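Structure assessment
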Amino acid sequence: MKQLPRRRPLTTLVAALGLSAAVALPAYAEIRIGLNVPLTGFAAVDGKSALEGAKLAVAQANAAGGVHGEKLELVIYDDQAAPKEAVPIATKLVAKDEVVGAVSGSYSGPTRAAAGIFQRAKVPYVVAYAVHPEITLAGDYMFRVASMGEVQGRAGARLVADLGKKKVGLITVKSDFGQALAAGFKEAAPKFGLDIVGEYEYALQDRQFGAVVSTIKAAKPEIIYASGYYFTAGPLVAQLRAAGVTAPIIGQEGYDSEKFIEIAGDAAEGTLVTTSLDRDSESPATKVFLADYRKATGAGADMVAASTYAATRVLIEGLEKSGGKGGEALKSAIAAGTFDTPIGRLSFNDLHEVRKDIQVQVVRDKTFRRHSVISDPVLLAPPGRPAS
Amino acid sequence: MDYEISLLTTMSISVLFALSLNLITGFCGQISLGHATFLGIGAYVTALLGKAGLPFLATLPLSMLLAGAIGAVVGLASLRVRADFLAVTTMGVGFLFVGIIRQQDWLGGELGISGIGGSGLSKTGFMLLALLSTAAVAALCLYIRASWMGRVFNGVAEDEDTMRVLGIDVPRYKLAAFAIGTALAGLAGALYAHHLQFIGPDSFGFVESVTVLSMVVVGGIGSVPGVVIAAALLSALPAWFQFIGDYKLLVYGGLLFLMMRFSPGGMAGLMSRFFNPVQTSAKGER
Amino acid sequence: MLALELVAQGLVQGSIYALIALGLTLVYGLLRILHVAHAALFTLGAYVGVMVYNATGNLPLAFALAMVVAGLAGVATFRLAYQPILSQPPFVALIASIGLYIAAEETFRVVFGASGLSFATPPLQGQVALFGGIQFKTAELMVMLGTALIIAALGWLQTRTRVGVACQATVSDPQMAESFGISLRKVRDINFFVGSALAGFAGVWVALLNNLVEPTMGSVPSYKALAIIVLGGLGSVRGTLAAALVLGVVEAFGTIYLGKLLDRNAIAFAFLILVLMLRPQGLFATR
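Residues numbered from 1 in each chain as written. Chains lettered and ligands numbered in written order. Predicted model: local features only at pLDDT ≥ 70, side-chain atom pairs only at ≥ 80, totals over all residues. Heavy atoms only, no water.

Quick look at the overall build of chain B
- Summing up its helical and strand segments, chain B has 11 helices and two strands in all.
- Listing each helix as α and each strand as β along chain B from the N terminus yields α-α-α-α-β-α-α-α-β-α-α-α-α.
- For chain B, whose C-alpha radius of gyration is 19 Å, the value lies close to the compact-globule estimate of 19 Å for 286 residues.
- Contacts in chain B between residues at least 24 apart in sequence constitute 77% of all its contacts with a sequence separation of at least 6.
- Summed over all atoms, the accessible surface of chain B reaches about 11,100 Å², with 69% contributed by carbon and sulfur.
- Averaged over its 15 positive side-chain charges, chain B has a centre that lies 6 Å from the centre of its 14 negative ones. (Helix = DSSP H or I, 4+ residues; strand = E, 2+ residues; numbered from the N terminus. Rg over C-alpha atoms; globule rule 2.2 N^0.38 Å. Contact = heavy atoms within 4.5 Å. Areas by Shrake-Rupley, 256 points an atom, 1.4 Å probe, with all protein chains shown as cover. Lys, Arg positive; Asp, Glu negative; His and termini not counted. Charge placed at Lys NZ, Arg CZ, Asp CG, Glu CD.)

This is the structure:
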């Protein structure tokens, strides 16, 4: 908004009137896409990133002429990251707004609650970063562009082995994401001969980790695998370093925010993160996204923004193939497609879980840089649809 | 229509839940900051039993039974501690409940329980069931209020010690209030689980307990029509407030505050002031 | 050795709890209000502290302004929010307070952004080793010292100055105090100012320890401080202090040895329920 040229009041008034008239018109020539995001409450930071990511994808598509000549409209609702709020929202998107497809830019709880409603209405629902395993089990109209927690956990174990370390200290956040990561990590640990020397859990609200830090220090691990979100990970990493713990620290998607580096400060240097966004990628999809996102918002993109952008892109590309139709046609188009997105080249398995590489980023000079890429289709294979 | 049906079901369950707390806090004067625990117990019982193959309607009484039984145990605490001590104890029960659920894999742990369903009813049918249950509970509340038990509750709320002097078995009535109120919360929880088809520990935490208490207080503590209106409005507010976007919770919190600041008797107080304009609210300091 | 470190970490956490809960106790002792919005003043103090330090680089100034702003906001809260509803039953004030807290939390988010603020160059991050090897961050050590100092100062004020004695008299018998010519209004203002300033002081310490202030940082203190003042026997300053430190240590050991069974909140509240069932008047009630 800041870049807008100054206009005379009259012109602005005319423009505003024109705009409101446009809104008042029936939107017959538009294809509607739904988005549920947490814009208020504790998850508002991620909600904001998700919203910007989705808006960018739609704006780019509209600037390029829309889908088969029809403009896309993003219908946005705030779910406060609460399952209770997500149910009426999903119902409204399906019944009132008649969206052809929807994107979840929200957490596991609300996404899981909304999934059943979209499934019953046969509206494809592309999930950006919610990791709850049962979301895709809700049915065949569900798609997820994020690697499941277990998959990321296995990637973490592989990374430890790649770094030549054996003795691991495990710190787990008490959330569905943390539990899934820990499960995946522990499942793969014996395969790589890893030895877990200490295991601790903390609550999402915790910011003071004195007790955990003292204990992990006494356990003397060679490397620390700590799950969390930037707001817990920032203080945790800073407190580990301040207590003189020098072992490398591996985090995951939840760390992937510039805010993490800001909070942890110098202590963030060298932290490894298994994530989905590679800032040093040569892929045009990623480069365009990173540049356009910065232009649109004035801030650097994070994992949530990239994932929600990718989820929205998947839906839009699906619509292009289905000729703007929703339902069965859109579902089949997405299921069969391969998508070049800022979080890599995506395709879906029979459960509609994503197949993609895991990016390892490292914090260097206060930014995320590429460390390595874990490309191991066998280890990183998402679970398939259970025979029922 | 689907949207209206879904919203009406949500509102109806909220009203039922608020009425159940009103029985304990409004009628009997026992403040609870952990009422969501019983919503949770009802929800988990029906979800687990449903998964085990029990028909939906058969799980309802069992949800109520377990919620009421645990409610009576928590009620025992009200015999030991009073007023603000009780408020904080019940709050503690709420945190303990969520803390336990989180770590129990057989209860779904952090992941919660998904794919609850199979009430066997259509959406409209389920809405009617929720509305009927709520109407029945509202009628029950009005009946209790007018009965001997209701009068004793009122006496306990007003002045517990005098009731003891009068030879009333106060503990028995307090326990009864807790047992009935929490059992009804269990019923609300069972409906909640089948409506959302997904439950997790975060749905039954402190925030939910505070939300239901504010419904009761905003409605007008003890007033059945007031609580019904307040719970219906407050539960639909987030959906209606979508248009104010970013300021939604700010407005919600602000309204809660302004209501208490300017109409401490809640909606019931507002209504009675509207109908009896002569009577002004009491002023002055405690 | 580990046990000692855990005790030390528990005391650091306990000191923060103590600062927040003390303000709450002062308010409760006087007005019998469960003042949930107290935690919003803690957040406010933290924001002021970080912004002032980032602008000036002067830490004492940051502390002073945080305390003054939080203190004044506390007095305003009392005058505008609580005073008019003091005659109402206690839940009215409780819900008003909860509404105020939600509105405040959202105001912080709308005004300062959801992702919170950090120090550009956080001060007091150095390391100190004490008692043969227990490591502290400078800020951790300072928070314990600061808490001890401020509590000693408060104790001195309360028993040795006119204002302090007047406050105490008002807590034990408001009517009597008023008949002796003590202005209730003034005493309440002072109590709110001091209690809220303490919350603001705690807010800056937490900002220093975590290098993060966020809109929701008050949500845990909002209820945990209630638990602490109840544990300490509601309205007792000494009881609150002891309860805060005990709870800090219980949580430190609990998160390590019971972490797989219960989370930190559940451990704290299990302890609270246990204590209340055995001693309904609180752990350290004097009355």
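Some thoughts on the pattern of salt bridges
- Following the criterion strictly, the structure yields 34 salt bridges over all chains and no others.
- One salt-bridge network, held together by shared partners, links D206 of chain A together with K224, E251 and R264 of chain C. (Salt bridge = Lys/Arg side-chain N within 4 Å of Asp/Glu carboxyl O.)

Points about a nonpolar patch on the surface
- A cluster of nonpolar residues, I229, L233, W240, M271, F274 and F275 of chain B, forms a patch on the protein surface that exposes about 630 Å² of accessible area.
- The set of elements that each furnish at least two residues to the nonpolar patch consists of α9 (224-240) and α11 (266-275) of chain B. (Patch = residues over 30% accessible without salt bridge, like charges linked within 9 Å, V, L, I, M, F, W, Y side chains within 5 Å.)

A word on the interface of chain B and chain C
- In this assembly, 41 residues from chain B lie in contact with 50 residues from chain C.
- Roughly 4,100 Å² of surface becomes buried between chain B and chain C when both sides are summed, with 72% attributable to carbon and sulfur atoms.
- At the boundary of chain B and chain C, one finds one salt bridge.
- One salt bridge connects R102 of chain B with D263 of chain C, and the closest N-O pair in it is separated by 3.5 Å.
- In this structure, the connection of chain B to chain C is made through five residue pairs in polar contact (both at pLDDT 80 or more).
- The set of elements that each furnish at least two residues to the side of chain B that touches chain C consists of α3 (56-80), α4 (83-103), α8 (206-219) and α10 (248-262) of chain B.
- It is α4 of chain B that provides the largest number of residues to the side of chain B that touches chain C, a total of 14 residues.
- Of the residues in the side of chain B that touches chain C, the class split is 26 nonpolar, eight polar and seven charged. (Buried area = accessible area lost by both parts, 1.4 Å probe. Polar contact = N/O pair within 3.5 Å; in protein donor to acceptor, adjacent residues only side chain to side chain. Nonpolar A, V, L, I, M, F, W, Y, C, P; charged D, E, K, R; others polar.)

With respect to helix α11 (residues 264-278) of chain C
- With 15 residues, α11 of chain C extends 22 Å between its outermost C-alpha atoms, agreeing within 8% with the 21 Å of an ideal straight helix rising 1.5 Å per residue.
- With 11 of 15 residues buried, α11 of chain C lies mostly within the body of the structure.
- Every buried residue of α11 of chain C is listed here: R264, N265, A266, I267, A268, F269, F271, L272, I273, V275 and L276 of chain C.
- Buried positions along α11 of chain C lie against α3 and α4 of chain B together with α1 (2-31), α9 (219-231) and α10 (237-257) of chain C. (Expected span 1.5 Å × (residues − 1). Buried < 20%, exposed > 50% of the residue type's maximum accessible area, 1.4 Å probe, protein only.)

Section: the sheet that holds strand β12 (residues 344-348) of chain A
Residue and element names in this part refer to chain A.
- Spatially, the three strands line up as an open sheet ordered β11-β12-β13, and their pairing is antiparallel. Of all the strands in the sheet, just β11 (339-341) and β13 (354-355) have a single pairing partner and so form its edges.
- When β12 meets β13, the two strands line up antiparallel, connected through two bridges. Opposite S347, over in β13, you have R355 as the bridge partner. (Pairing = 2+ DSSP bridges.)

Quick notes on the layout of surface pockets
- Approximately 1,100 Å³ is the volume found for the largest pocket.
- Lining the largest pocket are 35 residues, with S49, Y293, A299, G300 and D302 of chain A sitting closest to its centre.
- Going through the elements one at a time, α2 (44-63), α9 (258-264), α10 (284-297) and β15 (367-374) of chain A together with α4 (90-112) of chain C are the ones with two or more residues in the lining of the largest pocket.
- Partitioning the lining of the largest pocket into residue classes produces 13 nonpolar, eight polar and 14 charged. (1 Å grid on protein atoms, 1.4 Å probe; cavity = no way out; pocket = protein on both sides within 12 Å on 5 of 7 lines; lining within 4 Å. Points joined across faces, edges and corners; volume = space filled by probe spheres on them.)

Some thoughts on the side chain of T25 of chain C
- Structurally, the position occupied by T25 of chain C is in helix α1.
- Ignoring sequence-local partners within four residues, the contact set of T25 of chain C consists of I229, G235, S236, V237 and T240 of chain C.

Considerations on the sheet that holds strand β3 (residues 101-104) of chain A
Residue and element names in this part refer to chain A.
- Strand order across the open sheet formed by five strands is β2-β1-β3-β4-β5, with parallel pairing between neighbours. The outermost strands of the open sheet, each flanked by one partner alone, are β2 (71-78) and β5 (142-144). Across the sheet, the mean angle separating the axes of adjacent strands is 25° when strand polarity is ignored.
- Bridge count for β3 against strand β4 (residues 125-127) is three bridges, and the pairing is parallel. By the bridge assignment, A102 is partnered in β4 with Y125.
- Lying on the sheet, α2 is in contact with β1 (30-37) and β2; it crosses β2 at an angle near 170°.
- On the sheet, helix α4 (residues 108-120) packs against β3, β4 and β5 and is oriented at approximately 155° with respect to β4. (Axes fitted to C-alpha atoms, helices over the stretch in contact; angles between N-to-C directions.)

Considering the side chain of Q30 of chain B
Residues and elements named next belong to chain B.
- Tracing the backbone shows Q30 in the loop between α1 (2-27) and α2 (36-51).
- On the basis of relative accessibility, which here comes to 5%, the residue Q30 falls in the buried class.
- At 3.1 Å, the side chain of Q30 and the backbone oxygen of C28 are in polar contact.
- Excluding anything up to four places from it in sequence, Q30 contacts I24, T25, S78, L86, V156, E160, K174 and F178.

Brief notes about the confidence of the model for chain C
- Of the residues in chain C, 99% reach a pLDDT of 70 or more, and the chain-wide mean stands at 88.
- As scored by the predictor, the complex reaches a pTM of 0.87 and an ipTM of 0.87. (pLDDT = per-residue confidence, 0-100.)

What about the confidence of the model for chain B?
Residue and element names in this part refer to chain B.
- In this model, chain B carries an average pLDDT of 89, and 95% of its residues clear a pLDDT of 70 or more.
- Looking over chain B, one finds the lowest element-wise mean pLDDT in α11, namely 82, and the highest in α2, namely 96.
- For the stretch residues 279-286, pLDDT sits under 50, and the model shows 14 contacts to residues farther than four places along the chain or on other chains.

Quick word on the packing of α1 of chain B against α8 of chain B
All names here are of chain B.
- As a packed pair, α1 and α8 sit with axes 9 Å apart at the nearest point and diverge in direction by 75°. It follows that α1 is roughly perpendicular to α8 by the angle criterion. Where α1 abuts α8, its residues S14, F17, A18, L21, N22 and T25 lie against E208, V212, L213, M215 and V216.
- Of the residues belonging to the contact of α1 with α8, the class tally is seven nonpolar, three polar and one charged. (Parallel < 35°, antiparallel > 145°, perpendicular 65-115°, else oblique.)

Topic: the interface of chain C and chain A
- Chain C puts 33 residues into the contact, and the matching count from chain A is 31 residues.
- When chain C packs against chain A, close to 2,600 Å² is buried across both sides, 53% of that on carbon and sulfur atoms.
- Interface area lost by chain C to chain A is led by N210, I256 and K260 of chain C, which between them contribute 19%.
- E214 of chain C is paired through a salt bridge with R207 of chain A; the nearest N and O atoms lie 2.6 Å apart.
- Between chain C and chain A we count 10 residue pairs in polar contact (both at pLDDT 80 or more) in total.
- If you list the elements that add at least two residues to the side of chain C that touches chain A, you get α1, α4, β2 (134-137), α8 (184-210), α9, α10 and α11 of chain C.
- No other element matches α1 of chain C, which puts six residues into the side of chain C that touches chain A.

Some thoughts on the packing of helix α11 (residues 303-322) of chain A against helix α12 (residues 327-336) of chain A
Residues and elements named next belong to chain A.
- Relative orientation of the contacting elements α11 and α12 amounts to 115°, with a least axis distance of 8 Å. The crossing of α11 and α12 is right-handed. Contact residues: V314, L315, G318, L319, K321 and S322 in α11; A329, L330, A333 and I334 in α12.
- The class makeup of the residues in the contact of α11 with α12 is seven nonpolar, two polar and one charged. (Left-handed = near helix turned anticlockwise from the far one by under 90°.)

Comments concerning the packing of aromatic side chains
- Throughout the structure, instances matching the rule amount to 32 aromatic pairs over all chains.
- Seen from their ring centres, F143 of chain A and F348 of chain A are 5.3 Å apart, and the 70° between their planes marks the pair as edge-to-face. With F143 of chain A in strand β5 and F348 of chain A in strand β12, the pair connects residues that are 205 residues apart, well separated along the chain.
- A relative accessible area of 4% places F348 of chain A in the buried class.
- Each ring, one from F289 of chain A and one from Y309 of chain A, has its centre 4.5 Å from the other, and the planes form 45°; the classification is tilted. Taken together, the positions of F289 of chain A in helix α10 and Y309 of chain A in helix α11 put the pair 20 residues apart, joining distant regions of the chain.
- The exposure class of F289 of chain A is buried, given its relative accessible area of 0%.
- Overall, Y309 of chain A belongs to the buried group, its relative accessible area being 5%.
- Connected via pairs of aromatic rings, a cluster forms that spans F177, Y229, Y230 and F231 of chain A.
- Positioned over the ring face of F27 of chain B is R145 of chain B, at 4.5 Å from the centre of the ring. (Phe/Tyr/Trp six-rings, centres within 6.5 Å; stacked < 30°, edge-to-face > 60°. Lys NZ or Arg CZ within 6 Å of the ring centre and 35° of its normal.)

Some words on the environment of G116 of chain A
- Within the secondary structure, G116 of chain A sits in helix α4.
- When the C-alpha positions of G116 of chain A and V87 of chain A are compared, they lie 9.2 Å apart, and in sequence the two are 29 residues distant.

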